[in-house]
Amino acid sequence: MKVWRWLLPPILLAGVIALLFTVSPVRLLNLNAPPLESLQVERTILNTEGITLQVRAAGSEPMQIAQVQIDGAYWAFDQQPPTPISRLSTATLTVPYPWVEGEAHHIRFLTNTGMTFDHIIDVALATPKFSTSTVLAYGWLGLYVGLVPVGLGMLCYPYLKVLGQRGLSFILALTLGMLAFLLIDTLQEGLELARDAAIAFQGQALVWFSAGVACLALIAIGRRQGKSPEGHTLSTYMALGIGLHNFGEGLAIGTAFALGELALGSFLIVGFTLHNLTEGLGIVAPLLKQKLRWIEFVSLAALAGLPAVAGVWIGAFAFSPQWAALFLGLGAGAILQVIIEVGRYLQRKIRQAQQANGSGVSLAGSTTGLAIMYGTALLVKF
Amino acid sequence: MDLNVQRRSLIGAGLLSAGAWLGQRFSQGAIAQEPASGTAPPHTGGMTTIGEINHENNGFDPYALLTEWNTGKVSTLPGGQRLREYDIAAIEREIEVAPGVFYPAWTYNGQVPGPTIRATEGDRIRIRFTNQGEHMHTLHFHGMHGARQDGIPGVLEAAPGQSVTYEFEAKPFGCHLYHCHSMPFKRHLHKGLYGAFIIDPDPSQHPEQAEAAKSRVLGTAENQRWQELLMVMNAFDTNFDEENEVYAINSIPHAFMKKPIRIERDRPVRIYLINVTEFDPINSFHLHANFFDYYDHGTTLTPTSRTIDTVMQCQGQRGILEFSFADFEPGLYMFHPHQAEFVELGWMSAFEVVA
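Residues numbered from 1 in each chain as written. Chains lettered and ligands numbered in written order. Predicted model: local features only at pLDDT ≥ 70, side-chain atom pairs only at ≥ 80, totals over all residues. Heavy atoms only, no water.

Regarding the overall build of chain A
For chain A, the helix and strand inventory stands at 13 helices and 8 strands. A principal-axis box enclosing the C-alpha atoms of chain A has dimensions of 75 × 75 × 35 Å. In chain A, which comprises 382 residues, the share counted as buried stands at 50%. The contacts of chain A with a sequence gap of at least 6 include a subset with a gap of at least 24, amounting to 77%. Counting only carbon and sulfur atoms, one obtains 67% of the accessible surface of chain A, whose full area is about 18900 Å². Put simply, chain A has 22 plus and 20 minus side-chain charges, and the middle of one group is 22 Å from the middle of the other. (Helix = DSSP H or I, 4+ residues; strand = E, 2+ residues; numbered from the N terminus. Buried < 20%, exposed > 50% of the residue type's maximum accessible area, 1.4 Å probe, protein only. Contact = heavy atoms within 4.5 Å. Areas by Shrake-Rupley, 256 points an atom, 1.4 Å probe, with all protein chains shown as cover. Lys, Arg positive; Asp, Glu negative; His and termini not counted. Charge placed at Lys NZ, Arg CZ, Asp CG, Glu CD.)

Considering the interface of chain B and chain A
Contacts between the two partners involve 21 residues from chain B and, on the opposite side, 18 residues from chain A. Around 1500 Å² of area is buried between chain B and chain A when both sides are counted, 54% of it from carbon and sulfur atoms. Remark: the boundary between chain B and chain A carries 1 salt bridge. The closest approach of N and O atoms between R108 of chain A and E245 of chain B, which form a salt bridge, is 3.1 Å. At the boundary of chain B with chain A, the tally comes to 14 residue pairs in polar contact (both at pLDDT 80 or more). At the level of elements, β3 (101-108) and α8 (340-344) of chain B are the ones that each hand at least two residues to the side of chain B that touches chain A. Residue classes in the side of chain B that touches chain A are distributed as 8 nonpolar, 9 polar and 4 charged. (Buried area = accessible area lost by both parts, 1.4 Å probe. Salt bridge = Lys/Arg side-chain N within 4 Å of Asp/Glu carboxyl O. Polar contact = N/O pair within 3.5 Å; in protein donor to acceptor, adjacent residues only side chain to side chain. Nonpolar A, V, L, I, M, F, W, Y, C, P; charged D, E, K, R; others polar.)

Quick word on the pattern of salt bridges
A side chain with one charge can pair with a side chain of the opposite charge if their charged atoms come near. Residue and element names in this part refer to chain B. Summed over all chains, the structure comprises 19 salt bridges over all chains. Put simply, R118 and D200 hold a salt bridge, and the shortest N to O gap is 3.1 Å. One end of the pair, R118, is in strand β4 (residues 114-120); the other, D200, is in strand β9 (residues 194-200), and 82 residues separate them in sequence. Classification of R118 by relative accessible area gives buried; the value is 1%. Residue classification places D200 among the buried residues on the basis of a relative accessible area of 2%. Note that E167 is salt-bridged to R124, the shortest N-O span being 3.1 Å.

Considering the environment of M154 of chain A
All names here are of chain A. Relative to the assigned elements, M154 resides in helix α4 (residues 147-154). With a relative accessible area of 0%, M154 lands in the buried category. Expressed as a C-alpha distance, the spacing of M154 and T278, which sit 124 residues apart in the sequence, is 8.7 Å. For M154, the residues in contact, after removing those within four places along its chain, are G280, L281, I283, V284, F297, L300 and A301.

Overview of the side chain of S362 of chain A
Residues and elements named next belong to chain A. By the secondary structure assignment, S362 is in helix α13 (residues 358-380). Judged by its relative accessible area of 15%, S362 is buried. Among residues more than four places away in sequence, those in contact with S362 are A173, L346 and I350.

Considering the packing of aromatic side chains
Residues and elements named next belong to chain B. Applying the stated rule across the entire model yields 30 aromatic pairs over all chains. Look at F323 and F325: their rings are 5.7 Å apart centre to centre, the planes differ by 90°, and that puts the pair in the edge-to-face class. We classify F323 as buried; its relative accessible area is 4%. Taking relative accessible area as the criterion, F325 reaches 0% and is therefore assigned buried. These aromatic residues form a ring-pair network of at least three members: F285, F292, F323, F325, F328, Y333, F335, W347 and F351. A cation over a ring is seen here: K191 above Y103, with NZ or CZ 5.8 Å from the ring centre. Over the ring of Y295 we find R216; its NZ or CZ atom is 5.0 Å from the centre of that ring. (Phe/Tyr/Trp six-rings, centres within 6.5 Å; stacked < 30°, edge-to-face > 60°. Lys NZ or Arg CZ within 6 Å of the ring centre and 35° of its normal.)

Quick notes on the sheet that holds strand β5 (residues 78-80) of chain A
All names here are of chain A. Ordered by their spatial adjacency, 4 strands build an open sheet running β1-β2-β6-β5, and the pairing between neighbours is antiparallel. With partners counted over all chains shown, the strands left at the sheet margins are β1 (39-47) and β5, one partner each. Sheet twist, expressed as the average angle between the axes of neighbouring strands with direction ignored, equals 20°. Where strand β2 (residues 50-57) lies against strand β6 (residues 90-95), 6 bridges are found, and the strand directions are antiparallel. Across the sheet, residue L53 finds its bridge partner in β6, namely L93. (Pairing = 2+ DSSP bridges. Axes fitted to C-alpha atoms, helices over the stretch in contact; angles between N-to-C directions.)

So, the packing of helix α10 (residues 294-305) of chain A against helix α11 (residues 307-317) of chain A
All names here are of chain A. Put simply, α10 and α11 touch, their axes get as near as 5 Å, and they point 25° apart. Relative to α11, the element α10 lies roughly parallel. In contact with A302, L303, A304 and G305 of α10, α11 contributes P307, A308 and V309. Each residue belonging to the contact of α10 with α11 can be placed in one class, and the counts come to 6 nonpolar, 1 polar and no charged. (Parallel < 35°, antiparallel > 145°, perpendicular 65-115°, else oblique.)

Focus on helix α1 (residues 2-22) of chain A
Residues and elements named next belong to chain A. Helix length check: α1, at 21 residues, gives a terminal C-alpha distance of 31 Å against a target of 30 Å (1.5 Å per residue), a fit within 8%. At L8, α1 shows its maximal kink, close to 40°; a proline, P9, follows between one and four residues later. By the criterion of burial, α1 is predominantly exposed, with just 0 of the 21 residues buried. (Expected span 1.5 Å × (residues − 1). Bend = angle between axes of the 7 residues up to and from the residue.)

A closer look at unusual backbone geometry
Cis geometry marks the peptide bond from Q80 of chain A to P81 of chain A; its omega dihedral reads -10°. Mapped onto the elements, P81 of chain A comes out in the loop between β5 and β6. Along the chain, K171 of chain B connects to P172 of chain B via a cis peptide bond; the corresponding omega equals -10°. Even without being a glycine, N109 of chain B presents a positive backbone phi close to 55°. Mapped onto the fold, N109 of chain B is located in the loop between β3 and β4. The phi dihedral of T307 of chain B falls on the positive side, at around 50°, and the residue is not glycine. In this structure, T307 of chain B sits in strand β16 (residues 305-308). Among the residues examined, T307 of chain B registers a relative accessible area of 55% and is labelled exposed.

Here's the deal with the sheet that holds strand β6 (residues 140-141) of chain B
Residue and element names in this part refer to chain B. In space, the 4 strands of this open sheet follow the order β4-β9-β8-β6, with mixed pairing throughout. Each edge of the sheet is formed by a strand with only one pairing partner; in this case those strands are β4 and β6. As paired elements, β4 and β9 share 5 bridges and run parallel to each other. Along β9, the bridge assignment pairs G114 with G195.

So, the packing of helix α3 (residues 132-145) of chain A against α11 of chain A
Residues and elements named next belong to chain A. In the contact formed by α3 and α11, the axes pass within 7 Å of each other and the chain directions differ by 135°. In this view, α3 runs oblique relative to α11, as classed from their interaxial angle. Relative to α11, α3 is oriented so that their crossing is right-handed. For the pair α3 and α11, contact is made by T134, V135, Y138, G139, L141, G142, L143 and V145 and by A308, V309, V312, W313, A316 and F317, respectively. (Left-handed = near helix turned anticlockwise from the far one by under 90°.)

This is the structure we're talking about:
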C-alpha cells in the first residue's frame with residue numbers, strides 16, 4: 001500500500017506526457033500556426049574563402065535555412081551539417097562572398113517558411129588566424145589592459161603605508177566606490193552580451209543567477225571558519241572579483257578588436273591603464289597593516305590582471321555570447337561578495353578606532369572612488 | 001484564319017496541362033520549354049539561389065507558362081459573335097517561391113500567375129469564377145466593360161464558396177491583365193491573384209495595318225513565325241514586411257538563368273511583358289546586346305518606342321516587345337531589370353540563341 005504513494009507521481013507524470021504526445025491540445029484546438037523560429041549568429045569568420053557563420057537555432061521545430069542573402073543578393077552557400085538545425089544545435093554556413101574590407105555587410109537568412117533573420121557585420125575585417133604571432137599580439141594587448149595597470153596600482157603600496165587611520169578608512173571607502181562601479185559595469189556588460197545569445201539560453205537570467213550563486217558561494221567559502229575574511233584573504237577575494245571583471249573587459253576588447261568595432265589606439269590603452277590602476281590600489285588596501293611579501297604581491301597581481309589576457313584570447317578566437325554572459329555574471333557575484341566583505345571590514349575598522357566622523361570619511365572615499373572610475377571610463381568606453 | 005478548331009477548357013489544375021497542350025498544338029510559338037535540368041547556372045559568379053523547385057508539386061512550371069495560351073471553350077453566338085468560356089477558381093494554397101521557401105499564396109487555378117486568357121478583339125468573354133478560398137475574391141479585368149462587370153468590392157465579388165459570372169466583349173486589343181480587387185487590395189495582389197489577359201487585334205478592323213495585325217493573331221500563318229513568350233514580372237514578400245524577398249518573371253527566381261529560354265535565331269521574338277510587382281513602384285526589362293521595339297499596353301500596331309534596350313513599367317503597366325536575333329552569334333544573351341536590386345534577388349534570366 002505504502003509503495004503506491006511513492007510510485008504514483010512518476011507513473012502519473014509519464015502518463016500525462018504520453019497523453020500529450022498522443023492527444024495534443026494543440027491538435028484538439030485545430031490550430032495550424034507556423035512553427036516558431038529563432039536564429040542567432042554566434043560567430044562570424046571572414047577570410048579569403050568568404051564569410052563563414054556559425055548559427056544557433058532555437059525554433060519550436062528543426063529549422064531549415066533555404067536561402068542566404070548578402071547585401072540584398074542571393075548567394076550559393078554550403079551548410080554543415082546540411083540537415084535541418086534542431087533546437088539549440090548549431091550549423092556552419094560558408095558563403096563564398098567577396099567581402100570588402102572596412103565596409104559593412106548585411107546578411108539575411110530565409111527559412112523554409114519565408115521568415116527572415118538578419119545579421120550585420122558592422123566593419124568587415126579578416127578574422128585573426130590562430131597563429132603564434134596573433135596569440136602573442138593579443139596576449140600582449142591583454143597584459144596592457146589587465147596586468148600592467150593592476151600591478152602599477154599595487155606598487156603604490158608604500159604611499160598608502162604612511163597613511164594614518166583616517167587615511168586608511170578613506171582608501172578602503174575609495175575601494176568600495178571603485179568596486180560599486182565595477183559591479184554595475186560588469187552587470188551591464190553581461191546583460192548586453194546576453195542579448196546576443198540564443199533566446200532559449202535566457203542569457204539575462206543567466207547573468208543574474210550566476211551573479212547570485214557566485215556571491216553567496218564566495219561568502220560561504222570566505223566565512224567557513226566563522227569570521228569574515230580580512231587582510232590577505234580579503235585581498236585574494238578582491239583580486240578574484242577584479243580578475244573576473246577584467247576577464248569580461250578582455251572579452252569585450254578581444255571581440256570588438258577582432259570584429260573591427262574597436263580601433264585600439266595608444267590613447268585607449270593609456271585610458272585602460274589609468275582606469276584599472278585604481279583596481280590595484282583597492283587590492284592592497286586591506287594589507288596596509290601587514291607585511292607584504294613579493295610572492296603574495298605577484299600572485300595577487302596575476303590573479304587580478306591575467307584573466308584579461310584569457311578574455312582577450314577567447315574574445316578574439318572563440319567567442320560565444322552565452323558563456324561570456326555566464327562568466328560576467330560570476331564576475332559580478334564575486335565583486336558583490338568583495339563589496340560586502342570590504343564594507344564590513346571598513347565598518348569594523350571605524351568602530352575599533354572609535355573614529356569621529358567615520359561616515360563623512362566613508363562617503364568622501366566612496367564618492368571619490370566612483371568619480372575616478374567614471375572619469376577614467378570616459379577614456380575607454382566605446 | 002481558322003479558329004473553329006475544337007478547343008477544351010478544363011477546370012483547375014487540368015487547365016494547366018490543357019493550356020500547355022493547346023499552346024503547343026495551335027500556336028507553335030517558341031520552342032517548347034522543358035523543365036530545368038540540375039546543372040549549375042553559368043555566369044552567376046556564385047550569386048544565385050541554390051536548390052531546385054519541384055514544379056510538378058508546385059502546380060505550375062515557369063517554362064510552360066511562357067507559352068501557355070488559354071483560348072477557352074469556343075462557340076458561336078446567335079448573332080455570329082464568337083464566345084469564349086472559361087472556368088477560373090480562386091484557390092488559397094502554399095507554393096514554393098524559391099527553392100525550399102514555401103509561401104501561403106492565393107492563386108487563380110492553383111498557379112501564379114493565373115492562367116493566361118487569350119482572345120481576339122470583339123470576342124465575347126464569359127468567365128465562371130468560383131471562390132474556393134476563405135476570403136472574398138474578385139476578377140477585375142483591365143479592359144473595356146460596364147460598371148456592373150468591374151469585379152470590385154460589392155460588384156461581382158465572390159464570397160467563399162460562391163460563384164459569379166463575368167461577361168464582356170474583348171477590347172481594346174493589346175497586352176492586358178486581370179487581378180483580384182477585394183480588400184485589402186495590396187494583400188490580394190501580392191499574394192498572387194493576377195494573370196495575363198491578351199487580346200489579339202482583329203485584322204479586318206485594321207485594314208491599313210492588316211499584316212501587323214495578322215502576325216499577332218494566335219494560330220495564323222503570319223503568327224506561326226513568331227516566338228511568343230509571356231513574362232509576368234512579379235515578386236513575393238515572404239516575411240510580410242512590405243518588402244519583397246524574391247523577384248522573378250513567372251514567379252520562380254533564377255529559373256531562366258538555371259535553364260535559359262531557347263530561341264531560334266532566325267525567327268522573331270515577341271514578349272508579352274506585364275508588371276505586377278507590389279511595393280516597388282517600378283520594374284523594368286533590359287535586353288543584352290540587342291534592341292527592341294516596344295508597344296506600350298500593346299494597343300497600337302506601330303511601336304510606341306523604337307530601338308530601345310531598356311523599358312520601364314510602373315505597377316500594372318504592360319506592353320509588347322518585338323525583336324530578332326537574326327544574324328547574331330549563337331550563345332547566351334541575358335535579360336533582366338536594370339534595378340540591380342531585383343536582379344540580385346532573383347529576377348535574372350537569359351536567352352540561349354541557337355542557330
